[in-house]
Amino acid sequence: MSNSEGKKVVLTCAQPTGRLHLGNYLGAVRNWVDLMEGNECYFGVVDMHAITIPYSPANLRANVYECAAQYMACGLDPEKCNLFLQSSIIGHAELAWILGCICPIGALERMTQYKDKSRKHKDALNSGLLYYPVLMAADILIYDADIVPVGEDQKQHIELTRDIAQKFNNTYSDTFKLPEAVIPKAGARIMSLQDPSSKMSKSDPNQNGTLYITDSPDVLRKKIMSAVTDSESDVRFDPESKPGVSNLMNILEAVSGAGFESIERDFAGKGYGDFKKAVAEALIEKLKPVRERYLELREDKACIESALARGNSAAQRRANRLMSKIYRKVGFLNIEKRQ
Ligand code: ATP
Ligand code: LTN
């Protein structure tokens, strides 16, 4: 138990790199909503991470509003959690620098996300992309977080965060708590509808494989009806030989709560057409309130700015507490500024 009121401190973040897709929603954001009750939550829009791949400043600015509006539309209530913007908080970059000085380069080169992204952006490779997990470790450790709810793909980064925290504690004396990754049982890894061997992603070149939470019902229907399946016709969970159908079953399970066995029973003797229709309708129903709220919020920049301003203040207060301790431990002097 962690904060002064005995509540757990929850921290997680997403990059403002585009619209949220179903993987982000099922694997991440909807679970954050459940954690808001009874915990002290910090949810970050990590714009400093988003500049590790080619981008345009105008798009980044627009995406921060988009990302915050979608968080809120999914149910993150700025009255119950702290929604903050990473670049507004002093400490993330400072702590990342300190942690980078104890993190071996080899550990960063082994990160799967780095390997994937450096392959994709090999003509514009920058050192920020390699350093990305150190900044992520700083995002987590600066809040002294107990729990970090993420999708399966981020597990390796959280393990590295724990290693870095442990090394800091061994080098300078006990400072950081080792945070726990919380990965959901259903929806932790949603795959592309067009290539079920790779995860659903904003940057998928085939955008028909990615379902966005703000897609209209017609678009959702169309994408699901044209999802890749296989030449058989039975609805059966078998990720090895039926990855497309299994991915759709995963989505239906995460959206409706029905287990795989009950889905198999419901669709025994029916073809993929009926199954896909059911997945589409269940998803459309689930996302309806999210889309409606999003369409209202995107028009209301002032509401988003005031939510971020409030979250930034709370995040800065918490970050300051640990930063002064860290500066002292690593040997930085505290010399006051004079006018
Ligand atoms: P993308 O690869 O689509 O650009 P990302 O991993 O950069 O996405 P973020 O917005 O930074 O996306 O991630 C927010 C959260 O969504 C993270 O906790 C991540 O683990 C989770 N997530 C991303 N993709 C998936 C997926 N396909 N299935 C389940 N969870 C996912
Ligand atoms: N690396 C994550 C985004 C991220 C994050 C974090 C997640 C940056 N900092 C801190 C949890 C905690 C991603 O690519 N999804």
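Each value, and the rule that gives it
- Residues numbered from 1 in each chain as written.
- Chains lettered and ligands numbered in written order.
- Predicted model: local features only at pLDDT ≥ 70, side-chain atom pairs only at ≥ 80, totals over all residues.
- Heavy atoms only, no water.
- Helix = DSSP H or I, 4+ residues; strand = E, 2+ residues; numbered from the N terminus.
- Rg over C-alpha atoms; globule rule 2.2 N^0.38 Å.
- Buried < 20%, exposed > 50% of the residue type's maximum accessible area, 1.4 Å probe, protein only.
- Contact = heavy atoms within 4.5 Å.
- Areas by Shrake-Rupley, 256 points an atom, 1.4 Å probe, with all protein chains shown as cover.
- Lys, Arg positive; Asp, Glu negative; His and termini not counted.
- Charge placed at Lys NZ, Arg CZ, Asp CG, Glu CD.
- Disulfide = S-S within 2.5 Å.
- Near = heavy atom within 4 Å.
- Polar contact = N/O pair within 3.5 Å; in protein donor to acceptor, adjacent residues only side chain to side chain.
- Nonpolar A, V, L, I, M, F, W, Y, C, P; charged D, E, K, R; others polar.
- Phe/Tyr/Trp six-rings, centres within 6.5 Å; stacked < 30°, edge-to-face > 60°.
- Lys NZ or Arg CZ within 6 Å of the ring centre and 35° of its normal.
- Core = buried A, V, L, I, M, F, W, Y, C linked by side-chain atoms within 4.5 Å.

When helices and strands are counted, the protein shows 13 helices and five strands. Relative to the 2.2 N^0.38 estimate, which gives 20 Å for 339 residues, the radius of gyration of the protein is 21 Å and therefore close to what a compact globule would have. Looking at the 339 residues of the protein, the share that counts as buried comes to 51%. Taking the contacts inside the protein whose residues are at least 6 apart along the sequence as the reference set, 76% of them involve residues at least 24 apart. In the form shown here, the protein has an accessible surface area of approximately 16,400 Å², with 50% of it arising from carbon and sulfur atoms. Each charge sign in the protein was given a centre, from 44 positive and 43 negative side chains, and these centres are 4 Å apart.

It is worth spelling out the state of the cysteines at this point. Under the defined criterion, the tally for this structure stands at zero disulfides. Here Cys-41 is not disulfide-linked; the sulfur of Cys-81 is the nearest cysteine sulfur, at 6.4 Å. A disulfide-free cysteine, Cys-74 has its sulfur positioned 9.5 Å from the sulfur of Cys-67, the nearest such atom. Given a relative accessible area of 9%, Cys-74 falls into the buried group.

This brings us to the site of ligand 1. Taken together, 20 residues lie near ligand 1, and His-21, Gly-151, Asp-153, Ile-190 and Lys-202 sit nearest. Ile-190 has a polar backbone atom sitting 2.8 Å from a nitrogen atom of ligand 1. Note that an oxygen atom of ligand 1 is positioned 3.0 Å from one of the side-chain N or O atoms of Lys-199. Coverage of ligand 1 by the protein amounts to 94% of the 600 Å² it exposes when considered alone.

Below, the discussion takes up the environment of Glu-281. Topologically, Glu-281 is positioned in helix H12 (residues 272–297). Linking Glu-281 and Leu-252, residues 29 residues apart in sequence, is a C-alpha distance of 9.9 Å.

This part covers the site of ligand 2. Neighbouring ligand 2 are 14 residues; Gln-15, Tyr-132, Met-136, Asp-139 and Gln-154 lie closest to it. Within the side chain of Gln-15, a nitrogen or oxygen atom sits 3.3 Å from an oxygen atom of ligand 2. One of the side-chain nitrogen or oxygen atoms of Asp-139 is found 2.7 Å away from a nitrogen atom of ligand 2. For ligand 2, whose accessible area on its own is 370 Å², the fraction buried by protein is 91%. Those elements giving two or more residues to the shell around ligand 2 turn out to be strand S1 (8–14) and helix H7 (127–141). Top contributing element to the shell around ligand 2 by residue count: H7, with four residues. Residue classes in the shell around ligand 2 are distributed as eight nonpolar, five polar and one charged.

With the rule as written, the count across this model stands at nine aromatic pairs. Ring centres 5.5 Å apart and planes at 75° place the aromatic pair Trp-32 and Tyr-71 in the edge-to-face group. Placement of the pair is Trp-32 in helix H1 (residues 22–35) and Tyr-71 in helix H3 (residues 57–73), with a sequence separation of 39 residues. Residue class for Trp-32 comes out buried when judged on its relative accessible area of 2%. Each ring, one from Tyr-42 and one from Tyr-143, has its centre 5.2 Å from the other, and the planes form 20°; the classification is stacked. Placement of Tyr-42 in strand S2 (residues 39–45) and of Tyr-143 in the loop between H7 and strand S4 (147–149) is noted, with a sequence separation of 101 residues between them. Residues Tyr-42 and Tyr-143 agree in their burial class; the two are buried. Put simply, the rings of Trp-32, Phe-43 and Tyr-71 pair up and form one aromatic cluster. Its end group placed over the ring of Tyr-65, Lys-301 keeps NZ or CZ at 4.5 Å from the ring centre.

All right, on to unusual backbone geometry then. If you check the backbone angles, Asp-144 has positive phi at about 55° while not being a glycine. Here Asp-144 shows up in the loop between H7 and S4. Among the residues examined, Asp-144 registers a relative accessible area of 19% and is labelled buried. For Ser-173, which is not glycine, the phi torsion reads 100° and is therefore positive. Mapped onto the secondary structure, Ser-173 falls in the loop between helix H8 (155–172) and strand S5 (180–182).

A few words on the nonpolar core. With 59 residues, the main nonpolar core has Leu-22, Phe-43, Tyr-71, Leu-76, Leu-211, Ile-251 and Phe-275 as its most contacted residues. In terms of residue count, H12 provides more of this core than any other element does, ten residues in total. In this view, Leu-76 contacts Val-29, Trp-32, Val-33, Met-36, Phe-43, Tyr-71, Cys-81 and Leu-83; residues no more than four positions away in its chain are not counted. Judged by nonpolar contacts, the second largest core, of 43 residues, contains Val-9, Ala-96, Ile-158 and Phe-176.

As a further point, take the environment of Gly-244. Position of Gly-244 among the secondary structure elements: in helix H10 (residues 243–256). Along the chain, Gly-244 and Ser-118 lie 126 residues apart, while their C-alpha atoms are 27 Å from each other. Among all residues touching Gly-244, those that are not within four sequence positions of it are Pro-196 and Val-228.

By themselves, these figures tell us nothing about what the structure is for.
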